[in-house]
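The residues making up each chain are set out below.
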Amino acid sequence: MGVLDHVSEYFDCSNGDSKRHRSLQTVDVRVLIDCEGCERKVRRALEGMKGVRDITIEPNAQKVTVVGYVEPNRVVARIIHRTGKRAELYPYVPYDVVAHPYASGVYDNRAPVGYVRNTEYDPHVSRLARASSTEVRYTTAFSDENASACVVM
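Residues numbered from 1 in each chain as written. Predicted model: local features only at pLDDT ≥ 70, side-chain atom pairs only at ≥ 80, totals over all residues. Heavy atoms only, no water.

*Asks:* How do you make sense of helix α3 (residues 72-83) when you look at a structure like this?
*Replies:* Owing to its 3.6 residues per turn, the α-helix brings residues three or four apart onto one side. A rise of 1.5 Å per residue sets the reference length of α3, with its 12 residues, at 16 Å; its end C-alpha atoms lie 17 Å apart and thus fit the reference within 8%. When α3 is considered as a whole, its buried residues turn out to be Val75, Val76, Arg78, Ile79 and Thr83. All buried residues of α3 lie within an arc of 160° about the axis, which places them on one face of the element. Seen from the buried face of α3, the exposed residues on the opposite side, beyond 90 degrees, are Asn73 and His81. Its buried side turned inward, α3 meets β1 (25-31), α2 (36-47), β3 (63-68) and β4 (87-89). Just past α3, the residue glycine 84 takes up positive phi, approximately 80°. (Helix = DSSP H or I, 4+ residues; strand = E, 2+ residues; numbered from the N terminus. Expected span 1.5 Å × (residues − 1). Buried < 20%, exposed > 50% of the residue type's maximum accessible area, 1.4 Å probe, protein only. Arc of directions from axis to C-beta. Contact = heavy atoms within 4.5 Å.)

Right, here's the structure in full:
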């Protein structure tokens, strides 16, 4: 926050309705899409939403991508309310993004090909999945399974 923003708060002539502008973001939602009718229903539900710029539906991956000035929770709520379908934020990311894609809690058999579970915000996955390669190297250097471990132990 710059000096001008700070000073402008004192000289604000509005009614106190200081809503911040939403930023352009991409929201991925997981929705069960069985047929073209389901796809059309989801598309119609989102087209009428304020701030939506682009909608991409991938039926094979059960994924709906919305680009626009929207909030992720409102997109999910809109799909649930208008279509009656179960929807959630897309829990999978490409396996290139995750440091340890085959760690416990990251690899998921239900994920589409080339995707694993997102570990960044999930507290239920193992700590190894969130650890960097440097951390793993230091923690395994002194383990009993490591044949070339330090002899001091």
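*Asks:* Honestly, the packing of aromatic side chains in this entry has me stumped. Any pointers?
*Replies:* In this description, a pair of aromatic rings is defined by centroid distance and the angle of the planes. Scanning the entire structure with this criterion turns up zero aromatic pairs. Here the guanidinium or amino end of lysine 63 rests over the ring plane of tyrosine 90, the centre of that ring lying 5.0 Å away. (Phe/Tyr/Trp six-rings, centres within 6.5 Å; stacked < 30°, edge-to-face > 60°. Lys NZ or Arg CZ within 6 Å of the ring centre and 35° of its normal.)

*Asks:* What is the right way to read the pairing of β3 from this model?
*Replies:* When a strand is regular, its side chains alternate between the sheet's two faces. For β3, a buried count of five out of six residues is recorded, marking the element as mostly surrounded by other parts of the structure. Across six bridges, β1 lies against β3 in antiparallel orientation. If you follow valine 27 over to β3, its bridge partner there is valine 66. Strand direction decides the pairing type here: strand β2 (residues 52-58) and β3, joined by six bridges, are antiparallel. (Pairing = 2+ DSSP bridges.)

*Asks:* Sorry if this is basic, but what is going on with the side chain of threonine 65 here?
*Replies:* Looking at where threonine 65 falls in the secondary structure, it is placed in strand β3. On the accessibility criterion, threonine 65 (13% relative accessible area) is buried. At 3.0 Å, the side chain of threonine 65 and the side chain of aspartate 28 are in polar contact. Setting aside chain neighbours within four positions, we find threonine 65 in contact with Thr26, Val27, Asp28, Asp54, Ile55 and Thr56. (Polar contact = N/O pair within 3.5 Å; in protein donor to acceptor, adjacent residues only side chain to side chain.)

*Asks:* What is the right way to read the pattern of salt bridges from this model?
*Replies:* Opposite charge on two side chains permits them to pair, given that their charged atoms come into close proximity. Applying the stated rule across the entire model yields one salt bridge. The residue glutamate 88 makes a salt bridge to arginine 30 at a minimum N-O spacing of 3.2 Å. Placement of glutamate 88 in strand β4 and of arginine 30 in strand β1 is noted, with a sequence separation of 58 residues between them. (Salt bridge = Lys/Arg side-chain N within 4 Å of Asp/Glu carboxyl O.)

*Asks:* Would you mind going over the confidence of the model for the protein with me for this structure?
*Replies:* One rule of thumb: low pLDDT means the predicted coordinates there are not for detailed reading. When pLDDT is averaged along the protein, the result is 76, and 58% of the positions lie at 70 or above. The least confident element of the protein, judged by mean pLDDT, is helix α4 (residues 127-130) at 55; the most confident is β2 at 94. (pLDDT = per-residue confidence, 0-100.)

*Asks:* Just checking my understanding: could you explain the sheet that holds β1 for this structure?
*Replies:* By way of backbone hydrogen bonds, the strands of a sheet pair with one another, either parallel or antiparallel. Read across the open sheet, the four strands follow the order β2-β3-β1-β4; overall the sheet is antiparallel. The two strands at the open ends of the sheet, each matched to only one other strand, are β2 and β4. Strand-to-strand, the axes of this sheet are offset by a mean angle of 25°, without reference to chain direction. Its contacts with the sheet put α2 on β1, β2 and β3, and the angle it makes with β2 is roughly 165°. (Axes fitted to C-alpha atoms, helices over the stretch in contact; angles between N-to-C directions.)

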